[in-house]
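Below are the chains, spelled out letter by letter.
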Amino acid sequence: MNINAIREQFPILHQEINGHPLVYLDSAASSQKPRSVIDAVRNYYELDHANVHRGVHSLGSRATDAYEGAREKVAAFINAPAPEQIVFTRGTTTALNLVASSYARAVCREGDEIVITQMEHHSNLIPWQQVAKATGATLKFIPLQPDGTISLADAEATITPQTKVVSITYVSNVLGCVNPIKQLAEIAHRNGAIIVVDGAQSTPHMKVDVQELDVDFYAFSGHKMCGPTGIGALYGRRSLLEAMEPIEYGGEMIDFVELYDSTWKDIPYRFEGGTPIIAGAVGLGAAIEFLEQIGMDTIDEHAKHLTKYAYDVLSNIDGLTIYGPKQDRVGLVTFNIDDVHPHDVATVLDTKGIAIRAGHHCCQPLMRWLNVSATARASFYIYNTTDEIDQLADALIQTKEFFGYGIE
Amino acid sequence: MELNDLYRRVIMDHYKNPRNRGELTQDSVTIALNNPTCGDRISLQLQLEGDVITDARFTGEGCSISMSSASMMTEAVKGRSYAEALDLAERFSSLMQGQDVEFEELEDIEALSGVNKFPARIKCATLAWNALKKGIEPQQSK
């Protein structure tokens, strides 16, 4: 893959930050956008915008075609059986909340179990805490191994015939590990439970096939995979989506409305109350086209190559601790430097033009499990190079020296 | 942006050798505050007699800026009346907005003036001062 040709397509990368060329290593928080996505959003507003599914006029038809065309692209991208099994949402958080608030609250009773892990992002933890509180179901956690991964034996022991929902991230946004979704789906189904997958970190980097994985719900965000912010998607098994009640009511989602009662449209529209994020969906469609032009296999390989390179280079720095497994990591390396707080690391790196994330990464329970209050995280995408990782390593060594001796 | 503007020697000294770190044993007011966006947290204890802060201690976790600021703040407010302490908090807030503020004998605090050039870090510096305000303001209305 021609990395320079790819970088050329991302206007934002070609600037200086604090007197240094930008080194953007925070794509796990949000990726940058290629020209084709920016143009698609602009062209939509300049040429095709109107409200969708309403007007009889030509622009209304063009906007509807653009929006539904994006849905078809999303469905094909994750190999969903049909476009109507894709619900557009604001992002992964909204998608997971939809499953929790609609599906799980209707299904869970006292004595039932919801199984997750301690590596979950807050958005795949708190919705389930709330379901458990509202329904009397018990929230259970598949324990973590010393390297932060989960074992299938522990999954077998935690998921029981009382389990109604298993919800787990495909790739951890802190540990970078890839969870065995296909095997977990098999265990969940054997116990009569459904499986929900947080695909926020996996979808940008890996070929995802929801039918091959045999998952019931799959949630992801556009903005981490070259798309705009404010758009994401929920894939759902048809029979489950069809049985689910909407959680937002209003325009767009109704069939017949009477004074005291109303009926809903078919899926997916019953879950898309109000004027949807049309331009966002168009941008997401363009992002999918962009990624598919490069090829998801190529992107996957590049992410693994950069991550392994970063792991090796960073683990050679004295006093630097990397969290999570050494093998099978995707897209990121989370670390701390002895005696230097990650905010201070991030500030020093920022003065050198290097953008990394510092904090708890919306994973406070995982931070407690790691016995740290916060960590630094460098994350990679298609436009990053090994040279940028070398710059990161040099800057981290300088950070150590600065905090060790260099203070004036 | 110069790093030495931010990480002045006096700041690193307060970070590595914090003053008033620990807990008060006598009756005191405890204020726990955290910064949910970054995970920094402080537990501030104030011993109050009449309208005077007679002692102050803190525990917590955070970056060099938040912890050094807590160290300096506890040093600064000991022995001060509520009104004086709140006035200091007000002046610190102005300092963080880039205004030229004098702290007279409390010159350590002025070392934090460089933080205003790092907007993402201002909330680190103000955490301890916000805890102070949260502790004092209800006392004033008593």
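Note on numbering: residues in each chain are counted from 1, in written sequence order. Key to labels: chains lettered from A, ligands numbered from 1, both in the order written. It should be noted that, the model being predicted, local features are given only for residues of pLDDT at least 70 and side-chain atom pairs only at 80 or more, the latter also being counted only at that level, while totals for whole chains, interfaces and linings use all residues.

Caption draft 1: Region of the structure containing helix H4 (residues 82-96) of chain B. Residues and elements named next belong to chain B. Under the scheme used here, helices are H or I runs from DSSP no shorter than 4 residues and strands are E runs no shorter than 2 residues, and both carry numbers assigned from the N terminus. Take the residue count of a helix, subtract one, and multiply by 1.5 Å to get its expected span. With 15 residues, H4 ought to run about 21 Å at 1.5 Å a step, and its terminal C-alpha atoms sit 21 Å apart, in line with that. Counting other C-beta atoms within 10 Å of its own, a residue is labelled buried from 20 upward, exposed at 12 or fewer, and partly exposed in the gap between, with every C-beta atom placed from the backbone. Residues Ala-85, Leu-88, Ala-89, Phe-92, Leu-95 and Met-96 constitute the buried set of H4. The arc that holds every buried residue of H4, seen down its axis, measures 115°, which confines them to one face. Across H4 from its buried face, at more than 90 degrees, point the exposed residues Ala-83, Asp-87 and Ser-94. Where H4 is buried, its residues meet strand E3 (52-61), helix H3 (64-77), helix H5 (107-110) and helix H6 (122-140). Trailing H4 by a residue or two, Gly-98 shows a phi angle of about 90°, which is positive. Here, the arc refers to the directions that run from the helix axis to the C-beta atoms. By the criterion used throughout, residues are in contact when their C-beta atoms, derived from the backbone, lie within 7 Å.

Caption draft 2: Spotlight on the sheet that holds E3 of chain B. All names here are of chain B. Two strands qualify as a pair provided that DSSP identifies no fewer than 2 bridges between them. Sheet architecture is open: 3 strands sit in the order E1-E2-E3, paired in antiparallel fashion. The open sheet is flanked by strand E1 (29-34) and E3, the only strands paired with a single partner. Direction aside, the axes of adjacent strands within the sheet are offset by 20° on average. Looking at chain direction, E1 and strand E2 (residues 41-49) are connected through 6 bridges and run antiparallel. Bridge assignment links Asn-34 to a residue of E2, and that residue is Arg-41. Axes here refer to lines fitted to C-alpha atoms; in helices the fit is confined to the stretch in contact. Angles between the N-to-C directions go from 0 to 180 degrees. Lying on the sheet, H3 is in contact with E2 and E3; it crosses E3 at an angle near 170°. Together, E1, E2 and E3 form the strand contacts of H6, whose direction differs from that of E2 by roughly 35°.

Caption draft 3: Examining the sheet that holds strand E4 (residues 86-89) of chain A more closely. Residues and elements named next belong to chain A. Strand order across the open sheet formed by 7 strands is E4-E10-E9-E8-E7-E5-E6, with mixed pairing between neighbours. The sheet terminates laterally at E4 and strand E6 (138-142), the two strands that pair on one side only. Strand after strand, the sheet turns through a mean of 20° between neighbouring axes, direction not considered. Judged from the 4 bridges that link them, E4 and strand E10 (residues 232-236) form a sheet pairing that is antiparallel. Counterpart to Ile-86 in the pairing with E10 is Tyr-235. The strands that helix H4 (residues 92-107) touches are E4, strand E5 (113-117), strand E7 (163-169), strand E8 (194-198), strand E9 (217-221) and E10; relative to E10, the one it contacts most, it runs at about 35°.

Caption draft 4: Representation of the pairing of E6 of chain A in the model. Residues and elements named next belong to chain A. Examined bridge by bridge, E5 and E6 share 5 bridges and lie parallel to one another. Its bridge partner being in E6, Val-115 is matched across the sheet by Lys-140. With the strands aimed away from the viewer, a crossover counts as right-handed if its path from the first strand over the helix to the second runs clockwise. The β-α-β motif built from E5, the intervening helix H5 (residues 126-135) and the parallel element E6 has right-handed crossover chirality.

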